[in-house]
Amino acid sequence: MTPVSIDWEAEADLVVIGGGVAGLTAARTASLRGLRVLTLSKGGATDTSTQYAQGGIAVVAPHGDSVGSHVHDTVEAGAGLCDVQAVRSIVEGGQAAVAALTDLGAVFDLGRDGQISRTREGGHSTRRIIHAGGDATGAEVQRALNAAGLPVLFGAAACEILTGPAGVQGVLAVSDKGFGVVHAPAVLLATGGLGQLYALSTNPPGATADGVALALWAGAAVADLEFVQFHPTVLYTPGGLGRRPLISEAVRGEGGILVDSEGDSVTAGVHPRGDLAPRDVVSRAIAARMRALGTDHVYLDARAIDGFAQRFPTMTASCLAAGIDPGIDLIPVAPAAHYQCGGVVTDPYGRTAVAGLYAAGEVARTGLHGANRLASNSLLEGLVVGERVGAAAAERLGDRVRVTDIRTRVAERADRGVLQQLMTEHASVVRDRAGLDEAIKRMKDAVTQRQTVPAAVSFAAAVAGDTAEPVPERAVIADRIAEIEDAALTLTAQTLLLAASARTESRGCHTRSDYPESDDRLRRSRSVVLDEQGRPQLDR
């Protein structure tokens, strides 16, 4: 990597990295409390996982439901690794968080009685999922939060969380203005997931595990990365790669049935809740059936659902684009990477072990999801913890910090295509020792560069006036962002493989064919940190 110069500088009380539900909720809350907030977003205003969330928001219903029931369902799905106190804390905050979103202008679907309509999804014991636009809840949440009009620097990627003896000092970032430093005592990681570790994912292209890597490089811990939730029903098209449309389990909640190529039920006898079993159960059942029949997909039969196109307009459009009419045809589906249940270790208020560094949303491991996320708890967590971080960031207001130097570190990068192939082949729905060992070995061979980052940084350009170097060309900036993403993917893949190899059991959405049973001795989270050489190691 060639040396970089600082082309711009800014100051803020809180820097939010990511423009989805958690980041924008935190930004709004902090702004209302008088904090100066700057949000950095790699993509555009709707290039987030929030935008694509179809199912809805899990929030305790006013009748026939309770906090205790929602907690029970969440903990049951989490397969022994949920932090029950964190679960209760976040579930209890759900109704207030949704009320705040409604006050901001979000519009949820109503039933015939004029009350908010609710549906049921896998793992839930009752109908508590509220939704908008039928199957466009995430888009409505994103629209409402974007409408708040908060300052966002689009096309900007965070390269490094800058820290000092007292914790966070700011962020090194790159944008179309070149490289810059934002001086700030508080930073929120709200970067979303790691779906781009895999060849097929429901995540947007920017879901390159940036937050996990930024946290590790800053000295924070991550945990439970081995628990990657594969959405069981993603629209299958031959040869399809990249982001694929998901077919929400709300379809199964309304009566859709999973069948194989011979017309037999996929989940019969697998779980008492059948097609509405937790996602890990359904994904394993589909994977097993595909292996048994030698097929690469199964089918979702939604033909008996009245008004499918009106209830699920987004999914209908995706199906029609693939030449499938859900009212007439079976919908071909297969599992694909969907959600990281683990992440940066935080408390229920988003605080990490690094002073001034927070994490919220999919990138964080609050203890809510355990070994397997319960459906529609993700938007809930983003709203609740995002708001808490926005308030907690005020803790750092007394710390007037300024970055004066930027330390270097060593980063490895592997070819993204090779990395995705290895992860898809060996760290997908079902894993084993031989495959994980093979992936670890080949990942070492796939590393094409081991480089010092940043190679050199000079603040001269930011203050030199007419003598400042010209802003790098857009193509150069794009290359730098790609380098950052590839380094983040490489480190996160190494961390996930390490964690998956160490967990010699099957639990939640981590399935080992060579260790098919759960082991009570492993009923705990294992944290990963970086050693002195910048390589992931289990925190002992």
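Each chain has its residues counted from 1, running along the sequence as written. In keeping with the model being predicted, local features are shown solely for residues with a pLDDT of at least 70 and side-chain atom pairs are shown and tallied solely at 80 or more, while totals for entire chains, interfaces and linings include all residues. Side-chain numbers come from the whole structure's heavy atoms, not from hydrogens or water.

(A) Spatial organisation of the environment of L383. Looking at the element boundaries, L383 is found in helix α12 (residues 377-392). Exposed residues in this analysis have more than 50% of their type's maximum accessible area, buried residues have under 20%, and partly exposed residues fall in between, with area computed by a 1.4 Å probe over protein chains only. On the basis of relative accessibility, which here comes to 4%, the residue L383 falls in the buried class. Placed 209 residues apart in sequence, L383 and V174 show a C-alpha to C-alpha distance of 28 Å. Every residue in contact with L383, bar those within four places of it in the chain, is listed here: V21, T25, I57, A97 and L101. We count a stretch as a helix when DSSP gives it H or I for four or more residues in a row; a strand needs E for two or more, and each element gets its number in order from the N terminus. Two residues form a contact once any of their heavy atoms are found within 4.5 Å.

(B) How the structure looks around the sheet that holds strand β6 (residues 129-130). Strands pair, by our definition, only if DSSP identifies at least two bridges between them. Overall, antiparallel pairing links the 3 strands, which are arranged β4-β6-β5 in an open sheet. What marks the edges here is a single partner per strand, and that holds for β4 (57-58) and β5 (118-119). Strand direction decides the pairing type here: β5 and β6, joined by 2 bridges, are antiparallel. Within β6, the position partnered with T119 by the bridge is I129.

(C) Just the pairing of strand β10 (residues 178-183), in detail. The buried fraction of β10 is high, at 6 of 6 residues. Direction of pairing for strand β9 (residues 167-175) relative to β10: antiparallel, over a ladder of 6 bridges. What sits directly across from G170, in β10, is H183. Counting the residues between successive antiparallel strands, the hairpin from β9 to β10 contains 2 residues.

(D) Broad picture of the nonpolar core. With 63 residues, the main nonpolar core has I161, L189 and L496 as its most contacted residues. Here this core gets 8 residues from one element, more than from any other, and that element is helix α16 (residues 474-502). Setting aside residues up to four positions removed in sequence, L189 forms contacts with I17, I161, G211, L214, A215, V344, L357, Y358, A359, A360 and V363. Among buried residues, the Ala, Val, Leu, Ile, Met, Phe, Trp, Tyr and Cys ones that are joined through side-chain atoms within 4.5 Å form a nonpolar core. Counting 42 residues, the second largest nonpolar core, distinct from the first, contains A26, V87, A144 and L368.

(E) Main features of the side chain of S201. Mapping S201 onto the fold places it in strand β12 (residues 200-201). Here N203 takes part through its backbone nitrogen, which lies 2.8 Å from a polar atom of the side chain of S201. One polar contact links the side chain of S201 to the main-chain carbonyl oxygen of A337, over a distance of 3.3 Å. By the criterion applied in these results, polar contacts are pairs of N or O atoms within 3.5 Å in which, for protein atoms, one can donate a hydrogen and the other can accept it, and in which residues neighboring in sequence qualify only through two side-chain atoms.

(F) How the structure looks around helix α6 (residues 137-146). Across the 10 residues that make up α6, a large majority, 7, are buried. Among the residues of α6, T137, G138, E140, V141, Q142, A144 and L145 are the ones counted as buried.

(G) View of the pattern of salt bridges. By convention in these notes, a salt bridge is any Lys or Arg side-chain nitrogen within 4 Å of a carboxyl oxygen on Asp or Glu. One pass over the structure, following the stated rule, counts 28 salt bridges. Linking D73 and R128 is a salt bridge whose minimum nitrogen-to-oxygen distance equals 2.9 Å. Here the residue D73 occupies a position in helix α3 (residues 67-77), and R128 occupies one in the loop between β5 and β6, the gap between them amounting to 55 residues. Looking at R128, the relative accessible area reads 0%, which means it is buried. Between R303 and D301 there is a salt bridge, with the nearest N and O atoms lying 3.0 Å from each other. Put simply, K42, D210, R416, E485 and D486 are held in one network by salt bridges that share partners.

(H) View of the side chain of D65. Mapped onto the fold, D65 is located in the loop between β4 and α3. Side-chain polar atoms of D65 contact the side chain of R128, separated by 2.8 Å. The residues touching D65, leaving out its near neighbours within four places in the chain, are V59, V60, H70, T126 and R128.

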